[in-house]
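So the chains spell out like this:
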Amino acid sequence: MKIRNILVLLAGALLSLQSFAQASNWPIPNKPITFINPFPPGGAVDAFGRPLAKQLSTQMGTSIIVDNKGGAGGTVGAAAAAKMAPDGYTWLLGAVHHSIAPSMYTNLSYDITKDFEPVAIIGSVPHVIVVNPTKFPKNDLKSIIEEIRKHPGKYNYASTGNGTSQHLTGELFKMQNKLFITHIPYRGTGPALQDLVAGQVDMMFDTLAGAAPFIKNGQLIAVAVATQKRVDAFPNVPTAQELGIKDFVVYSWYAMWAIKGTPKEIVDKMSAEVQTALASPDIKERWAAMGATAPKMSRPELANYINQEIVRWGEVVKKSNAKLD
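Residues numbered from 1 in each chain as written. Predicted model: local features only at pLDDT ≥ 70, side-chain atom pairs only at ≥ 80, totals over all residues. Heavy atoms only, no water.

Draft legend 1. Broad picture of the overall build of the protein chain. What the protein chain contains, in helices and strands, is eleven helices and nine strands. The C-alpha radius of gyration computed for the protein chain amounts to 22 Å, which stays within 12% of the reference 20 Å derived for 325 residues, consistent with globular compactness. Residues counted as buried form 50% of the 325 residues belonging to the protein chain. For the protein chain, contacts bridging at least 24 residues in sequence account for 77% of all contacts bridging at least 6. Counting every atom, the protein chain has about 15,500 Å² of accessible surface; 55% of that belongs to carbon and sulfur. Side chains of the protein chain carry 32 positive and 25 negative charges; the gap between the two charge centres is 3 Å. (Helix = DSSP H or I, 4+ residues; strand = E, 2+ residues; numbered from the N terminus. Rg over C-alpha atoms; globule rule 2.2 N^0.38 Å. Buried < 20%, exposed > 50% of the residue type's maximum accessible area, 1.4 Å probe, protein only. Contact = heavy atoms within 4.5 Å. Areas by Shrake-Rupley, 256 points an atom, 1.4 Å probe, with all protein chains shown as cover. Lys, Arg positive; Asp, Glu negative; His and termini not counted. Charge placed at Lys NZ, Arg CZ, Asp CG, Glu CD.)

This is the structure we're talking about:
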């Protein structure tokens, strides 16, 4: 028994040494790293993930590939990522949608809190309430709320699809103000904004990154931002809190996860590299142009934040009875 115990201990020690050696040598030269983006090309995760991958490639001296595996609100790609080897060569890029998915999808084959380990928030963008200039008698938030209350069911809002942050932000707004507004889902930000500008729909709860160009050229009116304080790029747009909606604070955030089981040394290294990349002048300039920031959180703080978001959006889904129709 003693010899067997010694052999077991030795085997464990050898495995630990092998894992440490692999972590110490990561990344291996000429072996590419893959960032799985579980959304179609050209979306918000690409807008943050691809510049970040380019910056990291330069910093780390290695090739980083962004692999789009879109489908089912980001759940198809996340499920694929969960099955990959936890060796530091595959990472998941994702978004606030992954805190919404557990409440919207009943048969997920992965658990975002158990199959992955959060590494960093790579970007965060506030939501903004925008309206078509011709749709309301007065284009200020209090007047808009009063108008909708007088005519329940007359007005509608566009979203980028069922189960998205734009959809549930609209539902949150409706619940907080006891309003009846019809939800019109679209397949993506572009079509939704195009119809809003054209007057086919009345309003939208979009991210500032998506709506900013239309606000700047006067095609849409921003009536309130869903932030604690005014946004520097739009200092004349009040916050919803200023206008009396105290808990209407919503951000679309984008993050990186490691596959569960990835050696701690590798996760530590990638986390440090990401923070260096996010602090680079090029990335900071790109993010500012999108009205975005990259809040710095420790990994435990980020894990706690994601859990809070899962609970928050789960309550919105339950109370609003939001469905994937």
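Draft legend 2. Looking closely at the nonpolar core. Counting 52 residues, the largest nonpolar core has F35, L56, W91, V130, M256 and M270 as its most contacted members. Beyond its immediate stretch of four places on either side in the chain, V130 contacts L196, M203, M204, A211, I215, L220, I221 and A222. I129, L141, I310 and W313 belong to the second-largest nonpolar core, a separate cluster that totals 47 residues. (Core = buried A, V, L, I, M, F, W, Y, C linked by side-chain atoms within 4.5 Å.)

Draft legend 3. Structural context of the pattern of salt bridges. Enumeration over the complete set of coordinates arrives at ten salt bridges. Its salt-bridge partner being K69, residue D67 comes within 3.3 Å of it at the nearest N-O pair. The partly exposed category is assigned to D67, whose relative accessible area is 28%. In this structure K69 comes out as partly exposed when scored by relative accessible area, which is 32%. Linking E117 and R299 is a salt bridge whose minimum nitrogen-to-oxygen distance equals 3.7 Å. Linking E117 in strand 4 (residues 116–131) with R299 in helix 11 (residues 299–320), this pair joins segments that are 182 residues apart in sequence. For E117, a relative accessible area of 24% corresponds to the partly exposed category. What emerges from the salt-bridge pattern is a single network uniting E117, K264, D268 and R299. (Salt bridge = Lys/Arg side-chain N within 4 Å of Asp/Glu carboxyl O.)

Draft legend 4. Representation of the packing of helix 6 (residues 165–177) against helix 11. For the pair helix 6 and helix 11, interaxial distance at closest approach is 10 Å and the crossing angle is 65°. Accordingly, the angle class assigned to the pair helix 6 and helix 11 is roughly perpendicular. The two elements helix 6 and helix 11 meet at a crossing, and its hand is left-handed. Between helix 6 and helix 11, the contacting residues are L168, T169, E171, L172 and M175 on the first element and R312, W313, V316, V317, K319 and S320 on the second. (Axes fitted to C-alpha atoms, helices over the stretch in contact; angles between N-to-C directions. Parallel < 35°, antiparallel > 145°, perpendicular 65-115°, else oblique. Left-handed = near helix turned anticlockwise from the far one by under 90°.)

Draft legend 5. Broad picture of the pairing of strand 8 (residues 221–225). Extensive coverage of strand 8 is indicated by the burial of four of its five residues. Sheet topology note: the strand 4/strand 8 ladder contains four bridges and is antiparallel. Within the sheet, the bridge partner assigned to I129 lies in strand 8 and is A224. (Pairing = 2+ DSSP bridges.)

Draft legend 6. Seen up close, the confidence of the model for the protein chain. Here the protein chain averages 91 in pLDDT, while 92% of its residues score no lower than 70. Of the regions scoring below 50 in pLDDT, residues 11–21 engages in two contacts with residues more than four places distant in sequence or in other chains. (pLDDT = per-residue confidence, 0-100.)

Draft legend 7. Up close: the layout of surface pockets. Volume-wise, the largest pocket comes out at about 960 Å³. Where the lining of the largest pocket is concerned, the elements lending two or more residues are helix 2 (44–60), helix 4 (97–104), helix 6, helix 7 (189–198), strand 7 (203–207), helix 8 (208–216) and strand 9 (251–259). Here the residues of the lining of the largest pocket sort into 21 nonpolar, 19 polar and two charged. (1 Å grid on protein atoms, 1.4 Å probe; cavity = no way out; pocket = protein on both sides within 12 Å on 5 of 7 lines; lining within 4 Å. Points joined across faces, edges and corners; volume = space filled by probe spheres on them. Nonpolar A, V, L, I, M, F, W, Y, C, P; charged D, E, K, R; others polar.)

Draft legend 8. Up close: the side chain of D202. Structurally, D202 is set in the loop between helix 7 and strand 7. The buried category is assigned to D202, whose relative accessible area is 5%. A polar side-chain atom of D202 sits 2.9 Å from the main-chain amide nitrogen of N156. Look past the residues within four positions of D202 in its chain and what remains in contact with it is V131, N132, K135, F136, K154, Y155, N156 and L196. (Polar contact = N/O pair within 3.5 Å; in protein donor to acceptor, adjacent residues only side chain to side chain.)

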